[in-house]
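Results of the structural survey
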Amino acid sequence: MERLILHSDLNCFYASVECLLNPSYRDRPVAVCGDPEKRHGIVVAKNYIAKAFGVNTGDTVWQAKKKCPDLALFPARFEKYKYYSEMARRIYYGYTNLVEPYGLDEAWLDISRRDGDYEYAFKTAEEISGRIKNELGLTVSIGVSFTKSFAKLGSDYKKPDAITVITPDNYKKIVWPLGVSNLIYVGKATEKTLSSLGIHTIGDLAAADEGTIKNRLGKNGERLRLWANGADNDPVRDYMDRPTAKSIGNSVTLPYDITSDEDISVVLMALAEKVASRLREKRLMCSSVQIDIKGRELTTATVRKKLSYPTCVAGDIYNAAVELIKTKRRRPVRALGIRAESLESSDMVQLSLEADFARSMKQLKLEEALDGIRKKYGNGSVKRGIMLLNSDLSELGASSAGGDASAETPYLI
């Protein structure tokens, strides 16, 4: 099989959804942001009209309004974005089962075939683009290539509503003159290190001495040099392939970098609740908790903790995660994940005489009761008080399945 990889990127996704739902704003500068009243007034996304005024993701609201006084601001509505993301993925699955999401707005598709026909790949990309436009009212930029990294680069190469084809014959002409930061996973720190070595373009990286790169950047640098040479064999992972669980986890890439203890606590609790709920659903308990913390430079720190007793209680998992994150302090935080490990059947758990275990078992009964309420009335029907610290972030770990999403004002626990 000759590899044919597509990378589809929904253009200005959050802002585009808001313009779709509010047609009168389609020709106006638009930005999606947090709530200024809650000290989260940061631009999460903007449309191309706002971008032309110099509005950038990460700007505070007052900075954005100073650049563009007529900027229309919308609060982030992640349930809406999740809905359109899922609709786009349904379209992708009409072409291949090998679909690997990369956040809500991006995905790789593997449409490889024996003849390696790039004309077929281009026509497939055109068809997907047309369906996204006609069925969802959104636009995409699609990269077509023989590697995941070049396909991703291709979707960024021309925007909006464009298709770029990068082949084994033309990649040196298209890719190598570009700045090295255009290659996926080259963050500011990596770019600075490469610049100190006189490496400024992807072509420079491709031609760099292997030993020097490996010495300065380790395995990650070695991988990036191979990718620059078109030697990226990473597969597109089948998102629907669900092997027997050896661990259960949830992670989230945040809509904006977070720094405060409050925001981090909200995300950790949202993730802990989701992981605990999935454990209970499968009648499992965990004896170990792992967290993954990704910083601005896209490097991930992983740390785990063995628990004193097995649990499937969100509070226990959250407490372990809070303790762990203190050992791997990274600010700002771009992505967080919690994973429950060392799983065993809840029917076979040995009882403990520890006072904390008895408390945990009482809490378990409460959470099992809440599972029933949420299943019937929706995930937002009952919330912990901590979730009110940031209502946007509290929704990131929530399941999109089951219940009535329009539940009334939640009770607090």
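Nothing here was measured: the structure is a model prediction, and the numbers come from that model. (Residues numbered from 1 in each chain as written. Predicted model: local features only at pLDDT ≥ 70, side-chain atom pairs only at ≥ 80, totals over all residues. Heavy atoms only, no water.)

Here we take up unusual backbone geometry. The phi torsion of most residues other than glycine is negative, and most of the peptide bonds are trans. At the junction of K159 and P160, the peptide bond is cis and its omega measures out at -5° in the coordinates. Structurally, P160 is set in the loop between α6 (148–157) and β8 (163–165). In this structure, Y185 is a non-glycine residue whose phi angle is positive, near 75°. As for its position among the elements, Y185 is in the loop between α7 (171–174) and α8 (188–196). (Helix = DSSP H or I, 4+ residues; strand = E, 2+ residues; numbered from the N terminus.)

Moving on, we get to the packing of helix α11 (residues 261–281) against helix α12 (residues 314–325). Two measures define how a pair of helices packs: the angle their axes make with one another and the distance between the axes. The interhelical angle for the contact between α11 and α12, taken along N-to-C directions, is 135°, at an axis separation of 8 Å. With respect to α12, the element α11 is oriented oblique. Seen along the crossing, α11 lies across α12 with a hand that is right-handed. Side by side, α11 and α12 meet where I264, S265, L268, M269, A272, E273, V275, A276, L279 and R280 of the first sit next to A314, I317, Y318, A321, V322 and I325 of the second. Its residues assigned to classes, the contact of α11 with α12 comprises 13 nonpolar, one polar and two charged. (Axes fitted to C-alpha atoms, helices over the stretch in contact; angles between N-to-C directions. Parallel < 35°, antiparallel > 145°, perpendicular 65-115°, else oblique. Left-handed = near helix turned anticlockwise from the far one by under 90°. Contact = heavy atoms within 4.5 Å. Nonpolar A, V, L, I, M, F, W, Y, C, P; charged D, E, K, R; others polar.)

With 83% of its residues at a pLDDT of 70 or more, the protein chain shows a mean pLDDT of 85. Contacts for the low-pLDDT stretch residues 398–413, under 50 throughout, to residues beyond four places or in other chains number 32 contacts. (pLDDT = per-residue confidence, 0-100.)

Attention now moves to the sheet that holds strand β4 (residues 72–75). Pairing between sheet strands relies on hydrogen bonds along the backbone, with the strands arranged either parallel or antiparallel. Strand order across the open sheet formed by three strands is β3-β2-β4, with mixed pairing between neighbours. Looking at strand neighbours, the two that pair on one side only are β3 (43–46) and β4, the edges of this open sheet. Between one strand and the next, the sheet's axes are offset by a mean angle of 30°, whatever the strand orientation. Note that strand β2 (residues 30–33) and β4 share four bridges and pair parallel. Bridge pairing in β4 places C33 opposite P75. Packed onto the sheet, helix α1 (residues 13–21) meets β2, β3 and β4 and runs at close to 115° relative to β2. (Pairing = 2+ DSSP bridges.)

This part is about the sheet that holds strand β11 (residues 300–311). A sheet is described by the order of its strands in space; here four strands give the open sequence β9-β12-β10-β11, paired in antiparallel fashion. The open sheet is flanked by β9 (248–258) and β11, the only strands paired with a single partner. Going from strand to strand, the sheet's axes swing by 15° on average, the running direction of each strand aside. Here α12 sits on the sheet and contacts β10 (284–295), β11 and β12 (333–345); the angle it forms with β11, its principal contact strand, is near 140°.

What the rule picks out here adds up to two cavities of 30 Å³ or more. Of the volumes computed, that of the second largest cavity is approximately 40 Å³. Together, S8, L10, S85, A88, R89, Y92, L104, D105, E106 and A107 line the second largest cavity. Those elements that place two or more of their residues in the lining of the second largest cavity are β1 (5–10), α4 (78–92) and β6 (106–110). Take the lining of the second largest cavity: its biggest share by element is four residues, from α4. Its residues assigned to classes, the lining of the second largest cavity shows five nonpolar, two polar and three charged. (1 Å grid on protein atoms, 1.4 Å probe; cavity = no way out; pocket = protein on both sides within 12 Å on 5 of 7 lines; lining within 4 Å. Points joined across faces, edges and corners; volume = space filled by probe spheres on them.)

We now examine α1. Summarising burial for α1: seven of the nine residues are buried, a large majority. Of the positions making up α1, those classed as buried are F13, Y14, A15, V17, E18, C19 and L20. (Buried < 20%, exposed > 50% of the residue type's maximum accessible area, 1.4 Å probe, protein only.)

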